[in-house]
Amino acid sequence: MLLESKLPDIGITIFTIMSKLASDTGAINLSQGFPDFEVDPRLIELVNKHMSAGRNQYAPMQGVASLRQALAEKTKKLYGATIDPDTQITVTSGATEALFSAITAVVQPRQQVLVIEPAFDSYVPAILLNQGEPVFVKLTWPGYKIDWDRVIDSITPKTRAIILNSPHNPTGTVLADEDIDALKMLVERNDLIIISDEVYEHIIFDTMIHHSMLRYPELAARSMVISSFGKTYHTTGWKIGYCIAPPELTVEFQKVHQFLTFSANTPIQHAYADIMQHEELYLKLGAFYQEKRDLFLDLLSTSRFKPLDCKGTYFIMLDYSEISREPDTEFARRMTRQYGVAAIPPSVFYHDDTDNSVLRFCFAKKDKTLEKAARKLCAI
Ligand code: PMP
Ligand code: GLN
């Protein structure tokens, strides 16, 4: 059989590779981003309740009404945006599906999409499968800031969209006021659509605020804002996310979504709608993870790793240049096998394998796990 790959340069994701290596070698897995602690028991009970009550058939294509209503209320309260739950919200099978549907809905063949690197690994394959062209702009080093002059220089008549991600995976940086000012000018002048990946919206530290596109009416009017319940409720395996967009973009988004998955898991949507009434669960999430970040930093203070600034997400970058000159992919593998801690080499998030001798560590772990991992890292 003659088979021509549609993604000839894409392999198995680094998350799958490093999690498997961690499990094969018995290493502590700080690579793929997921918590190792339990879900709020109330949420488990709610899922059971809705399953037992017979809510086990297809959800509406747009998502369960009570969940869309709860999302609209939360968006109003947190970001001041008035969102119509019937025409502007779609519940998806994780943010990954929402990103794929958003990109597929708006990118035509040969159109260009600005991708800020290092970039979460699902963006580029989605652009390529739609015969779009990713145009890469690197975050500055060190500091990982968006160089807006370089973004402007990368614009052509074919540029259709920009993908943003704040708080940012893998660097842990967040957008600031001056980024929003630059973005407003850029998108209006060039009539761009913004695909805004905000899955870590509640995991933000040190009095920073989350600059959701939904806070700014002129940006919200051209944005598809994507988030995920997996990060907020410690349920990455449940795979429910959503997209908030203006009605005309939502129509196009749903044309894709309805034939990609049609709808997302019904009882879990009902359970999230109920648990969202407990606002403290998401309002206190930043403080919860800030404590973990600070504990991990404190435990590593005597190590030879140099931490980079981390203002959000549950990832922190550690510079290992005092320890080794190996490429990050090799050092990550050796560290897993030899020292028993797995991390992600961020060069895989660049199209040209940019390697700054840093690794990404996930600190969404029990304190005991972080203590054990830090002991091993301090011994390197
Ligand atoms: N975007 C970013 C930046 C992520 O880190 C993740 C997490 N895995 C996703 C999207 C995908 O989210 P989900 O697990 O809900 O598909
Ligand atoms: N978002 C998670 C991470 O960055 C994992 C996503 C995945 O495994 N696809 O580690």
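Residues numbered from 1 in each chain as written. Chains lettered and ligands numbered in written order. Predicted model: local features only at pLDDT ≥ 70, side-chain atom pairs only at ≥ 80, totals over all residues. Heavy atoms only, no water.

**Quick notes on empty space enclosed by the protein**
What the rule picks out here adds up to two cavities of 30 Å³ or more. Taken together, Leu 71, Lys 74, Thr 75, Leu 78, Tyr 79, Glu 201, Leu 214, Val 225, Ser 227, Tyr 242 and Ile 244 make up the full set of residues lining the largest cavity. Elements with a minimum of two residues in the lining of the largest cavity: α3 (65-79), β7 (223-228) and β8 (241-244). Forming the walls of the second largest cavity are Leu 71, Lys 74, Glu 201, Ser 227, Ser 228, Phe 229, Thr 232, Tyr 233, Tyr 242 and Met 276. The set of elements that each furnish at least two residues to the lining of the second largest cavity consists of α3, β7 and α9 (229-232). (1 Å grid on protein atoms, 1.4 Å probe; cavity = no way out; pocket = protein on both sides within 12 Å on 5 of 7 lines; lining within 4 Å. Points joined across faces, edges and corners; volume = space filled by probe spheres on them. Helix = DSSP H or I, 4+ residues; strand = E, 2+ residues; numbered from the N terminus.)

**Description of the layout of surface pockets**
Its boundaries defined by the atoms lining it, the second largest pocket holds a volume of some 400 Å³. Counting only elements with at least two residues in the lining of the second largest pocket, the list comes to β3 (112-117), β5 (159-165) and α7 (177-190). Sorting elements by how many residues they give to the lining of the second largest pocket places β5 first, with three residues. Residue composition of the lining of the second largest pocket, grouped by class: 15 nonpolar, seven polar and five charged. (Nonpolar A, V, L, I, M, F, W, Y, C, P; charged D, E, K, R; others polar.)

**A word on the site of ligand 2**
For ligand 2, the full set of nearby residues is Phe 15, Gln 32, Gly 33, Phe 120, Asn 169, Tyr 200, Lys 231, Phe 315 and Arg 360. Contact distances for ligand 2 include 2.8 Å between an oxygen atom and a side-chain N or O atom of Asn 169. Interatomic distance of 2.6 Å between a side-chain N/O atom of Arg 360 and an oxygen atom of ligand 2. The protein chains hide 78% of the 300 Å² of surface that ligand 2 would expose on its own. Considered class by class, the residues forming the shell around ligand 2 number four nonpolar, three polar and two charged. (Near = heavy atom within 4 Å. Polar contact = N/O pair within 3.5 Å; in protein donor to acceptor, adjacent residues only side chain to side chain. Areas by Shrake-Rupley, 256 points an atom, 1.4 Å probe, with all protein chains shown as cover.)

**As for the site of ligand 1**
Taken together, 13 residues sit near ligand 1, with Thr 96, Asp 197, Tyr 200, Lys 231 and Lys 239 positioned nearest. Interatomic distance of 2.5 Å between a side-chain N/O atom of Thr 96 and an oxygen atom of ligand 1. One of the side-chain N or O atoms of Lys 231 is found 2.8 Å from a nitrogen atom in ligand 1. When isolated, ligand 1 has an accessible area of 390 Å², and the protein chains bury 91% of it.

**Thoughts on the packing of aromatic side chains**
One pass over the structure, following the stated rule, counts 22 aromatic pairs. Taken together, a centroid distance of 5.5 Å and an interplanar angle of 80° make the contact between Phe 37 and Phe 288 edge-to-face. In this pair, Phe 37 sits in the loop between β1 (28-29) and α2 (41-52) while Phe 288 sits in helix α13 (residues 285-299), placing the two residues 251 residues apart along the sequence. Residue Phe 37 is classed as buried on the basis of its relative accessible area of 15%. Taken together, Phe 37, Tyr 200, Phe 288, Tyr 289, Tyr 314 and Phe 315 form an aromatic cluster joined through their ring pairs. Over the aromatic face of Tyr 282 sits the side chain of Lys 74, whose NZ or CZ is 4.3 Å from the ring centroid. Sitting over the face of the ring of Phe 34, Lys 365 holds its NZ or CZ atom 4.0 Å from the ring centroid. (Phe/Tyr/Trp six-rings, centres within 6.5 Å; stacked < 30°, edge-to-face > 60°. Buried < 20%, exposed > 50% of the residue type's maximum accessible area, 1.4 Å probe, protein only. Lys NZ or Arg CZ within 6 Å of the ring centre and 35° of its normal.)

**Description of helix α11 (residues 266-275)**
Burial within α11 is extensive, with nine of its ten residues counted as buried. Listed as buried for α11 are Thr 266, Pro 267, Ile 268, Gln 269, His 270, Ala 271, Tyr 272, Ala 273 and Ile 275. For α11, the side-chain oxygen to backbone nitrogen distance between the N-cap and Ile 268 is 3.1 Å, and the N-cap itself is Asn 265.

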